[in-house]
Protein chains: 2
Amino acid sequence: MATPAEDLEPWKQLHDCIEQNDRSAAEALLDALPPEQTVRVLFRLSSDDQQRLLALIPPENAADLLHEFPDQHAADLIDHLDTEAAAHIVDELPSDDGADILGSLDREHAEAILGEMDPEAAGEVRELINYPTDVAGGLMELEQFAYPETIRARDFIRDVRERRKDIEQLPARLLLLDPLGRPTGAVHIEDVLLANPESALGTVSEAVPTLPVTASLDQLEDYFDEYETPGAPIVDELGHLLGRVRRQDFQEALADRASSDQLKVQGIVSGEELRAMPVVDRSRRRLSWLSVNIVLNIIAASVIAMFQDTLAAVIALAVFLPIVSDMSGCSGNQAVAVSMRELTLGIVQPRDVLRVWWQEVSVGLMNGVALGSLLAFAAYLWQGSAVLGLVVGAALAVNTVVAVSIGGCVPLLLKHVKVDPAVASGPVLTTVTDMCGFFLVLGLATLALPYIA
Amino acid sequence: MATPAEDLEPWKQLHDCIEQNDRSAAEALLDALPPEQTVRVLFRLSSDDQQRLLALIPPENAADLLHEFPDQHAADLIDHLDTEAAAHIVDELPSDDGADILGSLDREHAEAILGEMDPEAAGEVRELINYPTDVAGGLMELEQFAYPETIRARDFIRDVRERRKDIEQLPARLLLLDPLGRPTGAVHIEDVLLANPESALGTVSEAVPTLPVTASLDQLEDYFDEYETPGAPIVDELGHLLGRVRRQDFQEALADRASSDQLKVQGIVSGEELRAMPVVDRSRRRLSWLSVNIVLNIIAASVIAMFQDTLAAVIALAVFLPIVSDMSGCSGNQAVAVSMRELTLGIVQPRDVLRVWWQEVSVGLMNGVALGSLLAFAAYLWQGSAVLGLVVGAALAVNTVVAVSIGGCVPLLLKHVKVDPAVASGPVLTTVTDMCGFFLVLGLATLALPYIA
């Protein structure tokens, strides 16, 4: 029954290698995997097998493999390895990645791993471990290519030659420092290439803007938007060079934030869930959000309970309540999406809320009339009552304007009061629009009751 | 009343400069803006002012400014400029950006602009214009740093020195070509730095993997995940070098896809809307999605119409229908979000649908029982009927399992039939779970009718 591709089942073969402690077979298997399959195969292994695999293969390969896992999962794996195996793997990671992982473990365990690590690597990780992951300090690596501004081109080339085997990649530009360790400029590699070997690099350098170690992701974005450089030098409050944030690491952090926001908008409030996590954990995380929502939902629906007499008189109204609720949610969500996008792009700020509201009202009026007419027509066709049609159509039209107003403005207002708009916009939107929608349908119907039949 | 920051109103000052054709004042104003304010100020100008600003300032500054606008908006601006002004600005853009913009205009207008451009720049844009924007061909720039493998280090350095003023940035590695123009290897800049000036660069090169011009964003992702290089060489079907995709441009394309997906999930089906677009346009785009949804909603709600007798007997049920509909939507959306995330990461593929379903069912059962119990309790408190509580609680519990099953599996199935899961998952989810939820609440209530009251 299985297709040929299923016959191979590489995760079963990998599981067998792990069972038999067969390091070379495991390595050969991993090497042979097409790159787009690697992460899928790794996630077919149990967490236990994943840990044993990391301990089985050489630490430098394990460090490479760890990059395949999303950050939190990688930290969990390291957390469950024995201390020595964990230390050897973290030794091989770039110091910023190592600090991210150890920073998310409990302090005692992190210290134990640091104690087993190569002292130099451990020292670098220690310098970085206390910065939050979403500021420059948490994204930077320690600078490997800073030189005194007085160094001659010839001496620099000799130094690079001596360090040859330790250098993975020469950066596109070198930082130059004054005697106190503050960046004074930068030299492009091609300028070194073309410079007189006897001249001090300081004479061919250009000014280099720096960022404080506390710079936020937004500040980094402004920096990299403004300057076409592959890295941003990071300094402490006295201007001393601490490290550099590579453009690539910044872009990855930005992408992580975007994907975490997307999950939050859809109700994964922690910003991360993988089905490889324990099922009780996943249930609890999702439930924390759902239980808030059900309470809000019950509150909103209690509006319906206030109009039981009207409902009893015109049972058909019960059909339209969920329609008005769902459609207002859809319209409002579109407005939320556009506001979140414009906030991210920097096109709007919280103080632009009135302008945004006005821009939404104009679209909401048009769409409200269109949707309301459609629903009115459907209601008339079904029940033969023009008044019923008018009631539900008018309710939907008005509530569409309400929904886009709330959807457009709430993300800005939440941002203003420093509540995460990705998490909170949806529940605020649906609760208010539901209450308002139910009230409009049933309130209008109550007024028109004598004419509905 | 205005705050001091509002007093300045830089967009009004900028508008005045534009009115008075005051180029230098406009430039001074733009230069003085903090980088995080630039895009906001630009979007406070009318589209007309934006176009006049681009035509007013020198073309190279206009090209820089154009980067501040999202792609589609930038293309619209160029579309409305007069041909000569547009040509001068596109002359200054990197050839891949120029091709993206001209490729989105109608053919005749693009040809007119190309005709006015510098012939060399126009030639480069022509080579790139026919590739879709989301494959390697659409993301690449033409390679500036490919040399015959026989070139000596000394001759290369002389060449760089001669081209000095045309070179914006030397890449981290040079590509070497055989006599037919096929890449045979690459040399890192530091190896040139350290090489014997008389030796051919081919002797210090390393192998370089290439990608076909038709490579997808996913293939580019695999490439950049596997190789720590700043660029991917792109070749035609015969292996001849065509250009390179820079890691930075690839990462931007990936981020654009993610933000477009996020908008689609929330009902902006075109994947882009900015409030600066004409209001009729925005209304029409949003309505195309809403009108499909309202039809689906009416179909789903028609289930309620089948149970009018039950509703008439127990009016309180009308309160619970929107709650079950909304809560199932929430639970289902969480599952959609996790599936979209795991599809993006490559952890799951469409053929893993049964495994995903099983992983969702286990979470759905736990959360369904929890939410169902909560709703049952609320119903009992309100109406004093244990049977009513049981009916709505059981309906929500079962429908939660249905919702997460559909939410988890539908994105994989849509991907399998090559329908965009970001656009279509939501409507499929809400329609099916609404129908199922209404049927469960009202069907169970009909069965239990003698015991409710």
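Everything numeric in this text was worked out from a predicted model, so none of it was measured.

Moving on to the overall build of chain A. Of regular secondary structure, chain A possesses 22 helices and 7 strands. Expected size for 453 residues packed as a compact globule is a radius of gyration near 22 Å; at 30 Å, chain A overshoots this value by more than 25%. When the backbone C-alpha atoms are referred to their principal axes, chain A occupies close to 95 × 60 × 45 Å. For chain A, the proportion of its 453 residues judged to be buried stands at 45%. Long-range pairs, those at least 24 residues apart, make up 69% of the contacts in chain A between residues at least 6 apart in sequence.

Looking now at the sheet that holds strand 3 (residues 173–177) of chain A. Residue and element names in this part refer to chain A. Reading across the sheet, the 3 strands line up as 2-3-4 and stay open at both edges, with mixed pairing between neighbours. The sheet terminates laterally at strand 2 (146–148) and strand 4 (183–188), the two strands that pair on one side only. On average, each strand axis in the sheet is inclined to that of its neighbour by 35°, with strand direction left out of account. Direction of pairing for strand 2 relative to strand 3: parallel, over a ladder of 3 bridges. By the bridge assignment for strand 3, Tyr147 is matched with Leu176.

As a further point, take the interface of chain B and chain A. Contacts between the two partners involve 88 residues from chain B and, on the opposite side, 88 residues from chain A. The dominant element in the side of chain B that touches chain A, judged by the number of residues it contributes, is helix 19 (residues 317–345) of chain B, at 18 residues. Along the lines of polarity and charge, the residues of the side of chain B that touches chain A split into 49 nonpolar, 22 polar and 17 charged.

All right, on to the packing of helix 19 of chain B against helix 21 (residues 386–416) of chain B then. Residue and element names in this part refer to chain B. Axis separation between helix 19 and helix 21 bottoms out at 8 Å; the angle between their running directions is 30°. Overall, the two elements helix 19 and helix 21 adopt an arrangement that is roughly parallel. In the packing of helix 19 onto helix 21, the handedness of the crossing is right-handed.

With 259 residues, the main nonpolar core has Val441 of chain A together with Val441 of chain B as its most contacted residues. If we ignore the near neighbours within four places in the chain, the residues touching Val441 of chain B are Leu317, Phe320, Leu321, Val324, Val391, Val392 and Ala395 of chain B.

As a further point, take helix 7 (residues 71–80) of chain A. Residues and elements named next belong to chain A. Turning to helix 7, its buried residues are His73, Ala74, Leu77 and Ile78. Mapping the buried residues of helix 7 onto a view down its axis gives an arc of 140°, with all of them on the same face. Check the buried side of helix 7 and you find it contacts helix 5 (47–56), helix 6 (59–66), helix 8 (83–92) and helix 9 (95–103).

Here the focus is the relation of the copies chain B and chain A. By a simple turn and slide, chain B fits onto chain A: the slide is 0.0 Å along the axis, the RMSD is 0.1 Å, and the turn is 180°. Considering both components of the superposition, the chain copies are consistent with a two-fold axis. Taking C-alpha positions as the reference, the residue of chain B nearest the rotation axis is Pro322 of chain B, at 2.5 Å. Both copies contact each other with a shared surface, as 100% of the interface residues of chain B are interface residues in chain A too.

If you check which residues of helix 8 (residues 83–92) of chain B are buried, you get Ala86, Ala87, His88, Ile89 and Val90 of chain B. Packing partners of the buried residues in helix 8 of chain B comprise helix 5 (47–56), helix 6 (59–66), helix 7 (71–80), helix 9 (95–103) and helix 10 (107–116) of chain B.

With that settled, the discussion passes to unusual backbone geometry. The backbone phi angle of Lys418 of chain A is positive, close to 60°, even though this residue is not glycine. A count of 7 C-beta atoms within 10 Å places Lys418 of chain A in the exposed class.

Moving on to the confidence of the model for chain A. Residue and element names in this part refer to chain A. Residues at a pLDDT of 70 or more form 96% of chain A, whose mean pLDDT is 89. Averaged pLDDT values for the elements of chain A fall to 50 in helix 1 (residues 4–8) and rise to 96 in helix 21 (residues 386–416). In the predicted structure, residues 1–6 sits below a pLDDT of 50 and forms 1 contact with residues beyond four places in sequence or in another chain. For this predicted complex, the interface confidence score (ipTM) comes to 0.87, while the overall pTM stands at 0.87.

All names here are of chain A. Note: strand 3 against strand 4, 5 bridges, orientation antiparallel. Its bridge partner lying in strand 4, Leu174 is registered against Val187. The loop that links strand 3 with its antiparallel partner strand 4 comprises 5 residues; one of these, Gly181, has a positive phi angle of about 90°.

With that settled, the discussion passes to the pairing of strand 6 (residues 231–235) of chain A. Residue and element names in this part refer to chain A. Burial within strand 6 is extensive, with 4 of its 5 residues counted as buried. Two strands pair when backbone bridges link them, and strand 5 (residues 211–212) and strand 6 are joined in this way by 2 bridges, in the parallel orientation. Note on strand 6: the bridge partner recorded for Pro212 is Val235. Here strand 6 runs beside strand 7 (residues 241–246); their pairing, made up of 5 bridges, is antiparallel. In the strand pairing of strand 7, Val235 is matched with Leu241. In sequence, strand 6 turns back onto strand 7 through a hairpin of 5 residues, with Gly239 there showing a positive phi of about 90°.

Time to look at the environment of Leu274 of chain A. Here Leu274 of chain A lies in the loop between helix 16 (247–265) and helix 17 (279–305). Put simply, Leu274 of chain A and His73 of chain A are 201 residues apart on the chain and 8.5 Å apart in space, counted from C-alpha to C-alpha. When neighbours within four sequence positions are excluded, Leu274 of chain A is seen to be in contact with Pro70 and His73 of chain A together with Glu342 and Ile347 of chain B.

Attention now moves to the packing of helix 19 of chain B against helix 20 (residues 353–383) of chain B. Residues and elements named next belong to chain B. Axis separation between helix 19 and helix 20 bottoms out at 11 Å; the angle between their running directions is 155°. What the angle tells us is that helix 19 and helix 20 run roughly antiparallel. Viewed along their axes, helix 19 and helix 20 form a crossing whose handedness is right-handed. Counted together, Phe320, Ile323, Met327, Ser331, Ala335 and Ser339 of helix 19 and Val356, Glu360, Gly364, Asn367, Leu371, Leu375 and Ala379 of helix 20 form the full contact between these two elements. Of the residues that constitute the contact of helix 19 with helix 20, the class distribution is 8 nonpolar, 4 polar and 1 charged.

The subject of this paragraph is the sheet that holds strand 1 (residues 141–142) of chain B. All names here are of chain B. If you trace the 4 strands from one edge of the open sheet to the other, you get 1-7-6-5, paired in mixed fashion. The open sheet terminates on both sides in strands that have one partner only, identified here as strand 1 and strand 5 (211–212). Helix 16 (residues 247–265) rests against strand 6 (231–235) and strand 7 (241–246) of the sheet, and its axis sits at about 65° to strand 7.

Glancing now at the environment of Asp64 of chain B. Position of Asp64 of chain B among the secondary structure elements: in helix 6. Along the chain, Asp64 of chain B and Ile189 of chain B lie 125 residues apart, while their C-alpha atoms are 28 Å from each other.

Turning our eyes to something else, we now look at the environment of Asn367 of chain A. Tracing the backbone through its elements, the reader meets Asn367 of chain A in helix 20 (residues 353–383). Residues Asn367 of chain A and Pro58 of chain A lie 309 residues apart in sequence; the distance between their C-alpha atoms is 61 Å. The residues contacting Asn367 of chain A, other than those within four sequence positions of it, are Ser331 and Thr400 of chain A together with Ser283, Arg286, Leu287 and Leu290 of chain B.

Conventions we followed
- Residues numbered from 1 in each chain as written.
- Chains lettered and ligands numbered in written order.
- Predicted model: local features only at pLDDT ≥ 70, side-chain atom pairs only at ≥ 80, totals over all residues.
- Helix = DSSP H or I, 4+ residues; strand = E, 2+ residues; numbered from the N terminus.
- Rg over C-alpha atoms; globule rule 2.2 N^0.38 Å.
- Buried ≥ 20, exposed ≤ 12 C-beta atoms within 10 Å, placed from the backbone.
- Contact = placed C-beta atoms within 7 Å.
- Pairing = 2+ DSSP bridges.
- Axes fitted to C-alpha atoms, helices over the stretch in contact; angles between N-to-C directions.
- Nonpolar A, V, L, I, M, F, W, Y, C, P; charged D, E, K, R; others polar.
- Parallel < 35°, antiparallel > 145°, perpendicular 65-115°, else oblique.
- Left-handed = near helix turned anticlockwise from the far one by under 90°.
- Core = buried A, V, L, I, M, F, W, Y, C linked by C-beta atoms within 7 Å.
- Arc of directions from axis to C-beta.
- Least-squares fit on C-alpha atoms with pLDDT ≥ 70 in both.
- pLDDT = per-residue confidence, 0-100.

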